[in-house]
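Now for the letters of each chain:
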Amino acid sequence: MKSLLKLKLLQLRNTLVRGDRKKFVLFILLGLFFMLVLGFFFNKIFAYLAGVEEFPLVFKVFLAEKLLMMIYMTLFSMLILSALLSSLDVFYISRDLHFLFSTPMPIRSAFAWKMLETAVYSSAMVVFFSLPVLFFYCRWFAPGAFQVAQVLLAFLLFVACGVLAGNLLGLVIPAFFSVRRLQPVLSVFSIILISSIVVFLRLLRPERFLEPGEIDNVLRYMGSLDLKALYYFPFSWLARAMSLAAGGRSAPYWKIIALFVMLAGGLLALVFFLRRKLYLPLFDKMNRGGRGTYKSRWRPHGPAGDMRPLLRKEWKTFMRTPAQWSQLLIVGALVAVFVINMKMIPLPHPSVRNFVSYLNLIMAVFIVAGLNSRFTFTSIPGEGPGQVHIFSSPCEKGAFYRFKLWFHLLPLLLVGFALYGLGDLTLHFDGFTRIVALIFLPPAIVFLTIFSLVLGIETNETNPLSPEQVILSKQGISYMLWSMIYVVGGMLFLARPVAIYYWSFFTRRAIPWAEIVAWFAGFLLVNAALTAFYYRRGKKCWLAREL
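Residues numbered from 1 in each chain as written. Predicted model: local features only at pLDDT ≥ 70, side-chain atom pairs only at ≥ 80, totals over all residues. Heavy atoms only, no water.

Peer 1: What exactly am I supposed to notice about the overall build of the protein chain here?
Peer 2: Within the protein chain, the regular secondary structure consists of 19 helices and zero strands. Counting all 547 residues of the protein chain, 42% fall into the buried class. Partitioning the contacts of the protein chain with sequence separation of at least 6, the portion at a separation of at least 24 is 83%. Counting only carbon and sulfur atoms, one obtains 70% of the accessible surface of the protein chain, whose full area is about 30,000 Å². (Helix = DSSP H or I, 4+ residues; strand = E, 2+ residues; numbered from the N terminus. Buried < 20%, exposed > 50% of the residue type's maximum accessible area, 1.4 Å probe, protein only. Contact = heavy atoms within 4.5 Å. Areas by Shrake-Rupley, 256 points an atom, 1.4 Å probe, with all protein chains shown as cover.)

See below:
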């Protein structure tokens, strides 16, 4: 075990020394940014609860306990799914397993080492998101050193229970399903669950939690979360233990700690029992060859002007890449939360409604730009060495370029106008906002799609890179930067005619339609010039490409 730990530390050191330091600095800065945002949010909540003089201390701790239960219910489900996915990868697919099993090291030691790897990989994100919660809860409700130690002990046992539960499932599931086929499906399922939790928590409207106007409303809201069935889960035990530590009630606290210890001990015993009974036979079964029984259903099509083979290729690529599903699910969850937020925004005056409607159009273009970054931009580099089949096929290279463009442009136009339609149903746009949408959305979506496709062609990578590697390339960062500049520039360009119209409307003056039409025409001409330029540039670059 000592040698394995030393080896892992050397790998980490080499990664930091020989890797791209800019990426590490960027990730550290992003992590600090999220920590600051989460810290600001939870500091405000716990400071508000601790400072309300109308509430007694017992009720403050009760409200904080229910809030903690909501938070850790989400984190516990994430922890179990992360531990399950990590255990399937680490216990069955990891490349160093064959080497470890061939060494004099006992199987139980190698298995214990892999369990530690799983615990670190799966709990890192949960610990990261929990640090601001724990810090500011202890600051406002449990500032004593002994109280902090009690909170940390309960949290560590909570993490241990979640990791062990995921490991237990990871040892049982491969007895019934193929690991390599199951892992992508579980990844998508985890994204679905997390997205559903995000939307569900937003539908609960937790901002009511901070409305001290009527205490009865707060009591009814917290009472809706008081479900007896939740008391049997570790996230409820953790919230209760933190409340007991804040209240200085030691005897009930240690009872909950005893429950944690018994659950963790029982899960650990089951994991090692299944290791003796199932692990090695399942590992051998998965790494043993089998008969090739699958037969392809592919049939040849006419080569001239037939796009059906390309459509089938793109469809199968999408269906066989669960990472793309997860991106769409995450975007769907963010859109749902965005629409819910729009519905709940107070609109005291029509001018506020018009401003929010205009921002809705900007947000729709931002979402389309993000989808272009993930799908359109990575489509050509994602072909990898398979480009040789495209170049040697009877399909014309120019036709393939047009196919790629239309294949991504049509769904993105649908997404953009669907977001516009949701905003219209929610905010009830006026007639002028609908005109602005027709002027702004189609040219912006067309340009961003062509621009992302051209930069994807200019990456000129034939090595099989992952989408994440392509996005972090020079062209990928350039696309994200210039797309944001374009959206902001388009918003500022159209701000002038929008301001002219509404100022004339509210002051009851004659609306200068000639000036407004001139601004709209200028926007369309600029977009048409940019679109034509980048379309020709991308086509020229694609036709000139050779392998």
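Peer 1: Would you mind going over the pattern of salt bridges with me for this structure?
Peer 2: It is possible for side chains bearing opposite charge to pair when their charged atoms get close. Taken as a whole and judged by the stated rule, the model has four salt bridges. Here Glu515 ties to Arg496 by a salt bridge, and the two come within 3.4 Å at their closest N and O atoms. Of this pair, Glu515 sits in helix α19 (residues 513-543) while Arg496 sits in helix α18 (residues 474-506), placing them 19 residues apart in sequence. On the accessibility criterion, Arg496 (43% relative accessible area) is partly exposed. (Salt bridge = Lys/Arg side-chain N within 4 Å of Asp/Glu carboxyl O.)

Peer 1: Can you walk me through unusual backbone geometry in this structure?
Peer 2: Residues apart from glycine generally show negative phi values, whereas peptide bonds are mostly found in trans. Of note in this structure, Arg508 is not a glycine but carries a positive phi near 60 degrees. Among the structural elements, Arg508 can be located in the loop between α18 and α19. You can call Arg508 exposed: its relative accessible area is 79%.

Peer 1: Explanation requested: the packing of helix α3 (residues 57-93) against helix α5 (residues 107-140) in the structure shown.
Peer 2: The relative placement of two packed helices is expressed as an angle between their axes plus a distance between the axes. Where α3 contacts α5, the two axes come as close as 9 Å, and the packing angle between them is 155 degrees. Judged by the inter-axis angle, α3 sits roughly antiparallel to α5. In this structure, α3 crosses over α5, and the sense of that crossing is right-handed. Of the residues in the contact of α3 with α5, the class split is 18 nonpolar, seven polar and two charged. (Axes fitted to C-alpha atoms, helices over the stretch in contact; angles between N-to-C directions. Parallel < 35°, antiparallel > 145°, perpendicular 65-115°, else oblique. Left-handed = near helix turned anticlockwise from the far one by under 90°. Nonpolar A, V, L, I, M, F, W, Y, C, P; charged D, E, K, R; others polar.)

Peer 1: Would you mind going over the packing of aromatic side chains with me for this structure?
Peer 2: A ring pair, where both rings are aromatic, is described by two values, the distance of the centres and the angle of the planes. Within the structure shown, the criterion is met by 43 aromatic pairs. A ring pair is formed by Phe440 and Phe523, whose centres lie 5.8 Å apart and whose planes are at 45 degrees; its orientation type is tilted. With Phe440 in helix α16 (residues 431-458) and Phe523 in helix α19, the pair connects residues that are 83 residues apart, well separated along the chain. Residue class for Phe523 comes out buried when judged on its relative accessible area of 4%. Arranged with centres 5.2 Å apart and planes meeting at 70 degrees, the rings of Phe493 and Trp519 form a pair that is edge-to-face. (Phe/Tyr/Trp six-rings, centres within 6.5 Å; stacked < 30°, edge-to-face > 60°.)

Peer 1: Explain the nonpolar core to me, please; I cannot follow it from the model alone.
Peer 2: In globular proteins that are soluble, nonpolar side chains generally tend to be buried together. Core analysis: the biggest nonpolar cluster contains 63 residues, and Phe46, Tyr72, Tyr137 and Phe158 have the highest contact counts within it. For this core, the secondary-structure elements that each account for two or more residues are α2 (21-51), α3, α5, α6 (145-172), α9 (234-247) and α10 (250-286). A total of 16 residues in this core trace back to one element, the largest contributor, which is α3. Setting aside anything within four residues of it in sequence, one finds Phe158 in contact with Tyr72, Phe76, Leu79, Pro234, Phe235, Leu238 and Phe260. (Core = buried A, V, L, I, M, F, W, Y, C linked by side-chain atoms within 4.5 Å.)

Peer 1: Is there a simple way to think about a nonpolar patch on the surface in this case?
Peer 2: Residues Met363, Phe366, Leu481, Trp482, Met484, Ile485, Val488 and Leu492 make up a contiguous nonpolar surface patch of about 740 Å² in total accessible area. At the level of secondary structure, the elements contributing two or more residues to the nonpolar patch comprise α13 (350-383) and α18. In terms of residues, the nonpolar patch owes the most to one element, α18, which gives six residues. Along the polypeptide, Trp482 turns up in helix α18. (Patch = residues over 30% accessible without salt bridge, like charges linked within 9 Å, V, L, I, M, F, W, Y side chains within 5 Å.)

Peer 1: Before we go on, may I ask you to explain the environment of Phe407 in this structure?
Peer 2: Looking at the secondary structure, you find Phe407 in helix α15 (residues 397-427). When its relative accessible area of 27% is taken as the criterion, Phe407 is described as partly exposed. Residue contacts for Phe407: discarding those within four places in its chain leaves Leu311 and Glu314.

Peer 1: Explain the confidence of the model for the protein chain to me, please; I cannot follow it from the model alone.
Peer 2: Close inspection of predicted coordinates is inappropriate for parts of the model with low pLDDT. For the protein chain, the mean per-residue pLDDT works out to 77, and 73% of the residues sit at or above 70. Contacts of residues 212-216 to residues separated by more than four positions or lying in other chains number three contacts, the stretch itself having pLDDT below 50. A low-confidence stretch, residues 289-294 (pLDDT under 50), is modelled with zero contacts involving residues beyond four sequence positions or located in other chains. (pLDDT = per-residue confidence, 0-100.)

Peer 1: Would you take a moment to explain the environment of Thr376 for this structure?
Peer 2: The topology assignment puts Thr376 in helix α13. In this structure, the C-alpha to C-alpha distance between Thr376 and Ser452, residues 76 residues apart in sequence, is 6.2 Å. If sequence neighbours within four positions are ignored, Thr376 has contacts with Leu371, His408, Leu412, Thr449, Ser452 and Leu453.

Peer 1: Got a minute to help me understand the packing of α3 against α6 in this structure?
Peer 2: Between α3 and α6, the least distance of the axes is 7 Å, while the angle of their chain directions is 45 degrees. Between α3 and α6, the angle is such that the two are oblique. As for how α3 packs across α6, the hand of that crossing is right-handed. On α6, the residues touching Tyr72, Phe76, Leu79, Ile80, Ala83, Leu84, Ser87, Leu88, Phe91 and Tyr92 of α3 are Phe155, Phe158, Val159, Gly162, Val163, Ala165, Gly166, Asn167, Leu169, Gly170 and Leu171.

Peer 1: When you look at α9 in this model, what are you seeing that I'm missing?
Peer 2: In an α-helix there are 3.6 residues to a turn, and that puts residues three or four apart on one side. With 14 residues, α9 should cover 20 Å at 1.5 Å per step; its first-to-last C-alpha distance of 20 Å lies within 8% of that length. Most of α9 sits inside the fold, with twelve of its 14 residues counted as buried. For α9, the full list of buried residues reads Pro234, Phe235, Ser236, Trp237, Leu238, Ala239, Ala241, Met242, Ser243, Leu244, Ala245 and Ala246. Immediately beyond the C-terminal end of α9, within one or two residues, lies Gly248, with a positive phi of roughly 75 degrees. (Expected span 1.5 Å × (residues − 1).)

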